Amino acid sequence: MNINATIKTSIRALKANWGRSLLTILGIVIGVMAIVLVIALGQGAQKLILNQVQSIGANTIILRPGRQPTQPTDAAETLLSDSLKQRDVDALLKPVNVPDLQTADPAVLVPGVISYQNSVYRATVLGWTPNALGEVFNVYPDQGSFFSQDDVKTYAKVIVIGSKVKQELFGDSDALGQFVTVHGQKLQVVGILPSKGQVTAFNVDDIGLLPYSTAQKTLLGIDYFHEIFLRAKPDADVDQVAADITATLRETHNITDPSKDDFFVVTQKTIVATVSTVTQVLTIFLVAIASISLMVGGIGIMNIMLVSVTERTQEIGLRKAVGATNENILLQFMIEALILTFAGGVLGTSIAITISALVSTIAQTYFALDWPFTLPLGAIALGVGVSTAIGLIFGLYPARKAAAKDPIEALRFE
Amino acid sequence: MALIQLENITKEYTSEETATSVLHGISFSIEEGEFVSIMGPSGSGKSTLLHILGLLDRQTTGSYLFAGQDTLILSDLERARIRNASIGFVFQAFHLLKRTTVLENVMLPLYYSQVPKKEYEQKAKIALEHVGLMHRLSHMPSQLSGGERQRVAIARALVNDPKIIFADEPTGNLDSKTGRSVMRTIEKLHQQGKTIIVITHETTAAEYANRIITIADGLICSDREVVSTHSHYAK
């Protein structure tokens, strides 16, 4: 029997009950739509995050104490670990150890609030070097100036504040030269940063910067750092620099077993890898959930196909009487199921792509997010492919039932 | 060689507990070109016999040779091939496909045949011309009268140019006037050389044949040659 006639017959049978056909494929449409949408939006979100990560610059390397976080308790260990100290900075800055290193800026996080007279503001207070913000993020005070290297050496009690911090504490009155209180210590405001908003990991407007030495000794009474920002020389091989850093620290910390490292190195590359892994795991997880609805859709197809086989018992009997083989009947009902699920797959994919395009347009227009619309070809192939496979799997049982019908019983059926 | 040769055919239906015996040993043979009526009251087993003859069902015991071929050893596929190429069926309830034109209904057996696709339409039109329905090609079955529907079914039985046509109560759903017209159409096919077997319980319909086999309670009670009275009227 020729396939064209079979397809024509199947389409006619489906059109005869088009309302029912449409309801039947709804489950498939929703299932495929969910899968394609999850993948498309996942890709868009991943690109958005990666674009932000890339803005910290490929030459930036961040050194953190503790172990590479693989579970939630590791993060706490990072905050509490005291493994990174001045000797590490000194060792890293020796060209013998890390030849392609340009700068190393240790950072100390100061928990708590900044207060001035009766105003209190919870800002991100960071003990840092004079050059870091300018060099890494290209941000310089527009009033006053940064503290100097001398300030670091003399534990000067000075602070540079972000525009929001200034606004919250001082309002419109002058802040330069005034004293704010952090951790019980009075610090003189020497610089005010321009309003820049979010720059990668920091909200510059919300920040208070003081010499790291002051933060360590005077404010917190500690001798370690929470983080060291490092910059490789332009055109340096960042992976090589990261390897040199690791080797240097293992030497200063007397570590021979890499699994016992009490620090870890983060580069743009490792962040990208982490983000990709996280979004991929999330996407797989969500696709797995969406697949359940596809299963339910497939069972719906099977149910309706079984009803259809019973309804068309006479037709099956007649076809067999005039010479249709069991295979002919099987093929006819399989093709019907396949047309249904394929149409459902195409429809679901189209809806998902439309929604995904809409989301990226809205994100770009109304939220100024750099959310790119990508046509996920893999997801389209997956959606249409999986729905067709569902047709094959769930169409087989009803089609076999149809093929197995006894022609006499079928012709007697009224 | 006889086209159909039955030797002591029996048929039993077995359900879970009981076995119902329908045919108790039927033997006869039919030559090519004969027009045979099989008569009998309802429950006599004549429909079961037709299903066995038409290769839609298998006998329990006995031998059935169709065109010299032992049918018991045929596979389902081979039986489907023979039904398609050598047998035409006409049913009491017409069994036309809904939402399918007259022309396509007649073409149906060709879809399952070895006939090249380009010949489908021509063959179907020739068959429809035989039954006088050329003016109804693109009508749907629901737009036709009962007599017209049965003639479409006859055209469908004809389209593959079979050796034999089985008609199961072809006039059962028709009034007597339409029934006569359908029987005359069948008779015309016989005159053109087709072997015809009609199952009926109506004497008027049976009398178109040259031979009447009467069945009661699963056994043949008479098998006689008759002069087709209606043929005389026709001539």
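- An unreviewed UniProt entry lists chain B under the name Macrolide ABC transporter ATP-binding protein.
- Regarding chain B, the UniProt comment filed under Sequence similarities (unreviewed entry) reads as follows: "Belongs to the ABC transporter superfamily."

- In the nomenclature of an unreviewed UniProt entry, chain A corresponds to Multidrug ABC transporter substrate-binding protein.
- Of chain A, the UniProt comment under Sequence similarities (unreviewed entry) reads exactly: "Belongs to the ABC-4 integral membrane protein family."
- Checking UniProt for chain A, the heading Subcellular location (unreviewed entry) contains the comment "Cell membrane".

**A short note on helix α1 (residues 3-16) of chain A**
Step number 1: Taking 1.5 Å as the rise per residue, α1(A) with 14 residues should run 20 Å; its terminal C-alpha atoms sit 20 Å apart, in good agreement.
Step number 2: Where α1(A) is concerned, the buried positions are A:Ala5, A:Thr6, A:Thr9, A:Ser10, A:Ala13 and A:Leu14.
Step number 3: Lining the buried residues of α1(A) we find α2 (18-54), α11 (313-321) and α12 (326-366) of chain A together with α3 (102-111) of chain B.

**A short note on the UniProt feature "domain: ABC3 transporter permease C-terminal" (unreviewed entry) in chain A**
Step number 1: Under the present numbering, the feature "domain: ABC3 transporter permease C-terminal" (unreviewed entry) in UniProt falls on residues 288-407 of chain A.
Step number 2: The span residues 288-407 of chain A shows a helical share of 85% and a strand share of 0%, and its end C-alpha atoms are spaced 43 Å apart.

**Notes on the interface of chain A and chain B**
Step number 1: Contact with chain A, which involves 26 residues of that partner, is made by 22 residues of chain B.
Step number 2: With both sides pooled, the region where chain A packs onto chain B buries about 2,200 Å², and carbon together with sulfur makes up 61% of that total.
Step number 3: On the surface where chain A and chain B come into contact, there are 2 salt bridges.
Step number 4: Between B:Glu104 and A:Arg12 there is a salt bridge; the shortest N-O distance is 2.9 Å.
Step number 5: For the interface between chain A and chain B, the tally reads 7 residue pairs in polar contact (both at pLDDT 80 or more).

So, how was this worked out
For every chain, the first residue of the written sequence is number 1, and numbering continues from 1 onward in sequence order. The naming scheme follows written order: chains are lettered A onward, ligands numbered 1 onward. Owing to the predicted nature of the model, reporting of local features is limited to residues with pLDDT of at least 70; listing and counting of side-chain atom pairs is limited to 80 or more, with chain, interface and lining totals taken over all residues. No hydrogens and no water enter the side-chain calculation; it runs on all heavy atoms of the structure. UniProt positions are given in the numbering used here, feature names are shortened, and annotations may be inferred rather than shown by experiment. Here a strand is any run of E in DSSP of at least two residues, a helix any run of H or I of at least four, and the numbering for each starts at the N terminus. By this rule, a helix spans an expected 1.5 Å times one less than how many residues it contains. A simple rule labels every residue: compare its accessible area, found with a 1.4 Å probe on the protein chains alone, to the largest value its type can have, and call it buried under 20%, exposed over 50%, or partly exposed in between. When checking whether two residues touch, look at their non-hydrogen atoms; a contact exists if any pair is within 4.5 Å. Buried surface area refers to the total accessible area, computed with a probe of radius 1.4 Å, that the two partners give up upon joining, counted for both partners together. Criterion for a salt bridge: a side-chain nitrogen of Lys or Arg within 4 Å of a carboxyl oxygen of Asp or Glu. Pairing of N or O atoms within 3.5 Å defines a polar contact, subject to two protein rules: one partner must be a possible hydrogen donor and the other a possible acceptor, and residues neighboring in sequence count only if both atoms are side-chain atoms.

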